[in-house]
Protein chains: 2
Amino acid sequence: MAKSPSRILETAIYADELEAAEAFYGGMLGLERIGRVAGRHVFFRCGPGVLLVFRAEATEVADAGSPLPVPVHGARGPGHLCFAAEPLGIEGWRARLEALGIGIEAEVTWPGGGRSVYFRDPAGNSLEVAETRIWDR
Amino acid sequence: MAKSPSRILETAIYADELEAAEAFYGGMLGLERIGRVAGRHVFFRCGPGVLLVFRAEATEVADAGSPLPVPVHGARGPGHLCFAAEPLGIEGWRARLEALGIGIEAEVTWPGGGRSVYFRDPAGNSLEVAETRIWDR
């Protein structure tokens, strides 16, 4: 069969309060905002990929205002995503989160090597910053 | 302030039936499985990143069997993610999905250029394959 997918281009999470999400991911974490539709979504560039923050209440029904047949979706409850710690490194991230007043929920040193720190976005999604070597072969 | 996150390392979605998820992402799409805990999760490598498929019922409570303080999370309802179409290309993907018997739910040509095809995983998550130029500056 053909090749498997080469990489993930878009990662989606959900938030009811998009203004809070924008202040957090854009203002605090510094991601570049590349799209916004009030009440529906806010999108950010993150390196070679894109982070999509959707308001499930808006995306779980067809968008009557759009001519494009974009399928519905929408999840409720805390999701998860992980940013690569590099190049700042875990220590740099820990200092940065502290400076931003973002509480660290947990720190993990993985049995196979590498560390993660966990925190939450305003919607309660579980965010992680990890050394990429946690997934080395 | 410090640099913004350089890239997303882990993308998470949720599925109640992990065996079906494994057959789909591993068997049909061809992603390499890199982790599995029965009833809790199955993980796949996807290029420079990782796709995590969790069973929310298991991850929304603390894992009593783990010594690691991994925070709880867990979303219900259809999530979304998008794979880069390259290098196979949208036409290649369309043919591949057809050969696999995976129905295409929608096709979109974006006003700014680039195309997407949409389909579903067995749990109902909305999957997309897109030409990466849909996000070009």
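Every chain begins its residue count from 1, and numbering advances along the sequence as written. The naming scheme follows written order: chains are lettered A onward, ligands numbered 1 onward. Confidence filtering applies because this is a predicted model: local features only for residues at pLDDT of at least 70, side-chain atom pairs given and counted only at 80 or more, and all residues used for totals across whole chains, interfaces and linings.

*Asks:* So what about the environment of Glu86 of chain B? Which residues, and what values?
*Replies:* The helix and strand labels rest on DSSP assignments: H or I over at least four residues marks a helix, E over at least two residues marks a strand, and numbering proceeds from the N terminus. Locating Glu86 of chain B in the fold gives a position in the loop between strand 5 (80-84) and helix 3 (89-100). Counting along the chain gives 43 residues from Glu86 of chain B to Val129 of chain B, while the straight-line C-alpha distance between them is 9.0 Å. By the convention adopted here, residues are in contact when the distance between their C-beta atoms, placed from the backbone, does not exceed 7 Å. In this structure Glu86 of chain B touches Ser6 of chain A together with Thr132 of chain B, once residues within four positions along its chain are discounted.

*Asks:* An account of the nonpolar core is needed here, citing residue identities and associated values.
*Replies:* We define the nonpolar core as any set of buried residues of the types Ala, Val, Leu, Ile, Met, Phe, Trp, Tyr and Cys, connected via C-beta atoms lying within 7 Å of each other. Each residue is classified by how many other C-beta atoms fall within 10 Å of its C-beta atom, where C-beta atoms are placed from the backbone; a count of 20 or more means buried, 12 or fewer means exposed, and values in between mean partly exposed. Grouped together as the largest cluster of nonpolar side chains are 72 residues, with contacts concentrated most on Leu51 and Val53 of chain A together with Leu51 and Val53 of chain B. Aside from chain neighbours lying at most four places away, what touches Leu51 of chain B is Ile8 of chain A together with Thr11, Tyr25, Leu31, Phe44 and Cys46 of chain B.

*Asks:* Which residues make up the interface of chain B and chain A, and what are the values?
*Replies:* Each side of the interface is counted separately: chain B has 53 residues, and chain A has 53 residues. Among the secondary structure elements, those contributing two or more residues to the side of chain B that touches chain A are strand 1 (8-14), strand 4 (49-54), strand 5, helix 3, strand 6 (106-109) and strand 8 (126-130) of chain B. Ranked by residue count, the leading element in the side of chain B that touches chain A is strand 1 of chain B, at six residues. Gly counts as polar in this scheme, as do all residues outside two lists: the nonpolar Ala, Val, Leu, Ile, Met, Phe, Trp, Tyr, Cys and Pro, and the charged Asp, Glu, Lys and Arg. Within the side of chain B that touches chain A, the residues separate by chemical class into 31 nonpolar, 14 polar and eight charged.

*Asks:* Tell me about the domain arrangement of chain A, residues and numbers included.
*Replies:* Residues and elements named next belong to chain A. By convention here, the domain bounds are inherited from an automatic or database domain assignment. Domain boundaries in chain A define domain 1 (7-62) and domain 2 (78-137). On a C-alpha basis, the centres of domain 1 and domain 2 stand 19 Å from each other. Every contact between the two is made by ten residues of domain 1 and, on the other side, seven residues of domain 2. If you list the elements that add at least two residues to the side of domain 1 that touches domain 2, you get strand 1 (8-14) and helix 1 (18-28). It is helix 1 that provides the largest number of residues to the side of domain 1 that touches domain 2, a total of four residues. Looking at the side of domain 1 that touches domain 2 residue by residue, the class counts come to seven nonpolar, one polar and two charged.

*Asks:* Break down the pairing of strand 8 of chain B for me, with residues and values.
*Replies:* All names here are of chain B. Burial within strand 8 is extensive, with five of its five residues counted as buried. At least two bridges found by DSSP between two strands are what make those strands a pair. Sheet analysis places strand 5 next to strand 8, joined by five bridges and oriented parallel. Bridging from a neighbouring strand, Phe83 pairs with Val129 of strand 8. The sheet contact formed by strand 7 (residues 115-120) and strand 8 spans five bridges and is antiparallel. Its bridge partner lying in strand 8, Phe119 is registered against Leu127.

*Asks:* Can you break down the relation of the copies chain B and chain A residue by residue, with the values?
*Replies:* Relating one copy of the chain to the other takes a rotation about an axis and a shift parallel to that axis. What sets the superposition is a least-squares fit of C-alpha atoms, and only residues with pLDDT of at least 70 in both copies go into it. Here chain B sits on chain A after a turn of 180° about the axis and a move of 0.0 Å along it, with an RMSD of 0.0 Å. This pairing of chains is accounted for by a two-fold axis. Here 100% of the interface residues in chain B have copies in chain A that are interface residues too; the copies meet face to matching face.

*Asks:* Would you mind going over the pairing of strand 2 (residues 32-37) of chain A in detail, with residue names and values included?
*Replies:* Residues and elements named next belong to chain A. The sheet contact formed by strand 2 and strand 3 (residues 41-46) spans five bridges and is antiparallel. Bridge assignment links Gly35 to a residue of strand 3, and that residue is Phe43. Remark: three residues form the turn of the hairpin made by strand 2 and strand 3, two consecutive strands paired antiparallel; Gly39 in that turn has positive phi of roughly 80°.

*Asks:* How would you sum up the sheet that holds strand 7 of chain B? Please name residues and give values.
*Replies:* The sheet built from eight strands is open, its strands ordered 2(A)-3(A)-4(A)-1(A)-5(B)-8(B)-7(B)-6(B) with mixed pairing. Two strands lie at the open edges of the sheet, namely strand 2 of chain A together with strand 6 of chain B, each paired on one side alone. When strand polarity is set aside, the average angle formed by the axes of neighbouring strands in this sheet is 20°. To define axes, lines are fitted to C-alpha atoms, for helices over the stretch in contact only, and angles between the resulting N-to-C directions are given on a 0 to 180 degree scale. Sheet strands in contact with helix 1 of chain A are strand 2, strand 3 and strand 4 (49-54) of chain A, and its direction is about 10° off that of strand 3 of chain A. The strands touched by helix 3 of chain B within the sheet are strand 7 and strand 8 of chain B, with strand 7 of chain B carrying the most contacts at an inclination of about 20°.

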